[in-house]
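Spelled out from the first residue to the last, the chains are:
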Amino acid sequence: MVLCLISSVGVAAFDLRSASLHLSQYIETSSSYQNTKTLLQFYEPMVIIVSPNKLAADGMVGVSQLADRVCSSTRKVIMARGCFDDTRGAVLVKGLAAKEPSALGLDSYYKQYYLCLAAAAATIKWYDAMVTSTILDVFVEQFATTLISISDRYDTNAKYIMCRIEAEKGVVITNHSLLVTFNGSFDHMNIDSTSVQNLEIIEPMQSSLLGTNRKKRSLFHMLKTTRTIGGTRLLRANLLQPLKDIETINTRLDCLDELMSNEQLFFGLSQALRKFPKETDRVLCHFCFKPKRVTNEVLASDNGRRGQIMISSIILLKTALDALPLLSKVLKEAKSCLLGNVYKTICENEKYTSIRKRIGEVIDEDVLHTRVPFVARTQQCFAVKAGADGLLDMARRSFCDTSEAIHKLANKYRQDFKLPNLKIPFNNRQGFYFSIPQKDIQGKLHSKFIQVVKHGNNVHCSSLELASLNMRNKSAAKECWLRTALCLEALMDAIREDVSVLTVLSEVLCLLDMMVNSFAHTISTKPVDRYTRARFTCDGPLAIDSGRHPILESIHNDFIPNGIFLSEASNMAIIMGPNMSGKSTYLQQVCLIVILAQIGCYIPARFATLRVADRIFTRMGTMDSLESNSSTFMTEMKETAFIMQNVSHRSLIVMDELGRASSSSDGFAIAWSCCEHLLALKAYSIFATHMENLSALSTMYPNVKILHFDVDVRNNRMDFKFQLKDGSRHVPHYGLMLAGVAGLPSSVVETAKIITSRITEKEMKRMEVNCRQYEDVQLTYRVAQRLMCLKYSDQDEDSLREALKNLKESYIGGRL
């Protein structure tokens, strides 16, 4: 009897960067909690909220221990179990969701999805209790700003006392302002954290794998040409969780087709997107989160920081809305469904015009978002139209007077100390300071100059007069921010009424940034026809013609392409070949091509038709895991066990050198039995191995295909061709050749050759017997495979008839 330990897990991820709440609930069938580990890696949380420790079932760990193991450097918050209240969570989610509550399915299924709703309740509870406006500002400025709450079945099976924590100060979330997604993580292809590392999706495994610009190369870094923070985040999310819906994938590919065939549209969109600030998606946070009480005292205690952020947010929003007419002009003639929907949703929505009009009534028309520090500060001080507040006008005059005095002081120092090239730069931390070229300094600087620091070919310094003026200038700016914030409070409330359309605008800009500045830009920088569009089927073959490794081909100009063909009639490929012949690179290449295709991007191949994969599993590399006290073999077996427990008929499995970390007999037995287990499924498997005995599988199982990487042996030296070919090829003693090159004594190598020759001779005789015994079955399967190919082909009726006729003749003649 086999006992399978199963645990239900609910996760709520509150992303303050994009004002979104992501809910997930799923079953963990493995004691390693791989799905939860994958989500933790995906969200990169800065705070993890869990309930108090409670004894889990035998063989399982609680989520609290899991958080300690996986995210040891992340802050962990333990909240009372009463805070994990699913009923309260359903009410909160319905009230905060920007979409209609019925669209989330909570009305009918909230009892079924109680775990993630309980996690959501705890997340929002902690946020209300602990996040003051000052902390929120820090969160929003940082990149990792996701709060995650995890709940499993062991945390919800008792009666709890409700937690009653209420914040006296802080912020509240605007009703119907959050983007709420349910179960989004597993509506997409699932790639476990080990496979993310093996495939080098986000980071390269070897720090020495560098590009020509001395930058680390991974699939993410290769595509990371996005211009906005949100676009970069969306790209990373898509690479970690590619799409499974064929219609959505094809919609993106249709858009990419139009961008690549219409240069005017491509360059027009590139220019239009440049008009939008890089931080457009992050500004939404300041409209979704509202301070509970805004008074002069509260603003003053904040030292002007809150007012400055509020002003910056409105200026940034104004700049984004000013760029919409150009985007509308570019998209007006677009024909693809995706771009057409963007035009209808964004460009034809009158609410954006209404918001822009409201802003124009308060904000000066000439104010625009800028990244130059002092210009940005000046824009913030003069954002509100003159005459709105008398005290604000007085603060502005003081700000201008001190700014002018600072520049007069700089002119005075130029003349008095004969420093014609003295400059007066500005940064937000230090304020104004002097920058003097070293070549202009004769001897020592005058004693008036203080805080002297060498900086390249210049000297940075200050003076007591400048420091005093800096303080007065900063104080005047803070007063401007405080008075401006009070003037803008009514405008902020008016904008919050339509915050849901701003959420849509943010999503659209992130998607366009990824499609145009990442996908289309990457493809356009490659030679013509090097990237192609893949076709998708639900149950068809995995066929790639002349595929290339998307990362390595940009480093090696002479990269040799290779293809693959797997179908239900031939669902396993065993790749043979010596060390360094290219097996591991090939396995990684196939997976990366599938990932690229399923995020809606072109792929580096001549042609490809793919069956949509629901999961990618990898077993690659060999190393000990000191953290879990696991040897190389134990680590290998744990990874393999996870694959065998979670594989489905739609999965793609790649395994490299399974069983090599143990004894040869045990390793071979494990590899063989794992292959037999996978052969019984419809999953597509690619298996690379040095064990030539595994090729005997093809004599017993007709759905096994044997391939090898071509190698020429000359004068006991191997010439690697990196070309994949059908069938098996015995390269005698290739391991011994490499051992000789490494410096192993010749007597040792010669003795080893005698031993391995005897073993090989016995195996060859056994394989010949198997071939004769299973010859009829093999022939039938080859016919079935050809029929499967014809089933999914695009040939006309006459061509199909001719192909069937040729297949019949080949079968009768025994030529298959």
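- Under an unreviewed UniProt entry, the name given to the protein is MutS protein msh4, and the source organism is Datura stramonium.
- Taken directly from UniProt, the Sequence similarities (unreviewed entry) text for the protein runs: "Belongs to the DNA mismatch repair MutS family."

### Examining helix H19 (residues 390–416)
Inference 1: Between its first and last C-alpha, H19 extends 39 Å over 27 residues, near the 39 Å set by a 1.5 Å rise per residue.
Inference 2: Those residues of H19 not exposed but buried are Leu392, Ala395, Arg396, Phe399, Thr402, Ser403, Ile406, Leu409, Ala410 and Tyr413.
Inference 3: Residues of H19 that are buried make contact with helix H18 (373–381), strand S11 (431–432), strand S12 (434–437), strand S13 (449–455), strand S14 (458–463) and helix H20 (464–496).
Inference 4: The distance from a side-chain oxygen at the start of H19 to the backbone nitrogen of leucine 391 is 2.8 Å, and the residue carrying that oxygen is aspartate 389.

### What to know about the pairing of S12
One face of the sheet, then the other: side chains in a regular strand alternate in exactly this way.
Inference 1: Here S12 shows no split at all, with Phe434 and Ile436 on one side and Ser435 and Pro437 on the other all buried.
Inference 2: Pairing between S12 and S14: four bridges, direction antiparallel. When the bridges of S14 are listed, serine 435 appears paired with histidine 460.

### Structural notes on the nonpolar core
Inference 1: Membership of the largest hydrophobic core comes to 176 residues, with the highest contact counts inside it found for Leu23, Phe434, Leu542 and Ile564.
Inference 2: No other element matches the 14 residues that helix H21 (residues 499–524) contributes to this core.
Inference 3: In terms of nonpolar packing, the next biggest core, distinct from the first, is built from 26 residues, Ala671, Cys674, Leu694 and Leu697 among them.

### Notes on the pattern of salt bridges
Inference 1: With the rule as written, the count across this model stands at 20 salt bridges.
Inference 2: Put simply, arginine 496 and aspartate 493 hold a salt bridge, and the shortest N to O gap is 2.9 Å. Of the two residues, arginine 496 and aspartate 493 both sit in helix H20, three residues apart, roughly one turn of that helix.
Inference 3: For aspartate 493, a relative accessible area of 30% puts it in the partly exposed group.
Inference 4: With a closest N to O distance of 3.2 Å, arginine 530 and glutamate 553 form a salt bridge. One end of the pair, arginine 530, is in the loop between H21 and strand S15 (535–537); the other, glutamate 553, is in the loop between strand S16 (542–547) and strand S17 (562–566), with 23 residues separating them in the sequence.
Inference 5: By relative accessible area, which is 31% here, arginine 530 ends up partly exposed.
Inference 6: Among the charged side chains, a network of salt bridges with common partners joins Lys318, Asp322, Arg356 and Glu365.

### Notes on the sheet that holds S16
Inference 1: What the four strands build is an open sheet, ordered S15-S19-S16-S17; its pairing is mixed. Here the strands that pair on one side only, and so sit at the sheet edges, are S15 and S17. Averaged over all adjacent pairs, the angle separating strand axes in this sheet is 20 degrees, with direction ignored.

### A word on the sheet that holds S12
The strands making up a sheet associate through backbone hydrogen bonding, with each pair oriented either parallel or antiparallel.
Inference 1: Strand order across the open sheet formed by three strands is S12-S14-S13, with antiparallel pairing between neighbours. One side of each edge strand has no neighbouring strand; the edge strands of this open sheet are S12 and S13. Averaged over neighbouring strand pairs, the angle between their axes works out to 30 degrees when direction is ignored.
Inference 2: Across the sheet, H19 is in contact with S12, S13 and S14; its angle to S12 comes to roughly 25 degrees.
Inference 3: Strands in contact with H20 are S12, S13 and S14; relative to S14, the strand with the most contacts, it is inclined by about 70 degrees.

### Considerations on the packing of helix H16 (residues 337–347) against H21
Packed helices, taken two at a time, are described by the angle between their axes plus the distance between the axes.
Inference 1: In the contact formed by H16 and H21, the axes pass within 11 Å of each other and the chain directions differ by 155 degrees. Considered as vectors, H16 and H21 are oriented roughly antiparallel to each other. By crossing handedness, the relation of H16 to H21 is classed as left-handed. Residue-level contacts link Leu338, Leu339, Val342, Thr345 and Ile346 of H16 to Val504, Leu505, Val508, Leu511 and Leu512 of H21.
Inference 2: Here the residues of the contact of H16 with H21 are counted per class, giving nine nonpolar, one polar and no charged.

Calculation criteria
Residues numbered from 1 in each chain as written. Predicted model: local features only at pLDDT ≥ 70, side-chain atom pairs only at ≥ 80, totals over all residues. Heavy atoms only, no water. UniProt positions renumbered as here; feature names shortened; annotations may be inferred. Helix = DSSP H or I, 4+ residues; strand = E, 2+ residues; numbered from the N terminus. Expected span 1.5 Å × (residues − 1). Buried < 20%, exposed > 50% of the residue type's maximum accessible area, 1.4 Å probe, protein only. Contact = heavy atoms within 4.5 Å. Polar contact = N/O pair within 3.5 Å; in protein donor to acceptor, adjacent residues only side chain to side chain. Pairing = 2+ DSSP bridges. Core = buried A, V, L, I, M, F, W, Y, C linked by side-chain atoms within 4.5 Å. Salt bridge = Lys/Arg side-chain N within 4 Å of Asp/Glu carboxyl O. Axes fitted to C-alpha atoms, helices over the stretch in contact; angles between N-to-C directions. Parallel < 35°, antiparallel > 145°, perpendicular 65-115°, else oblique. Left-handed = near helix turned anticlockwise from the far one by under 90°. Nonpolar A, V, L, I, M, F, W, Y, C, P; charged D, E, K, R; others polar.

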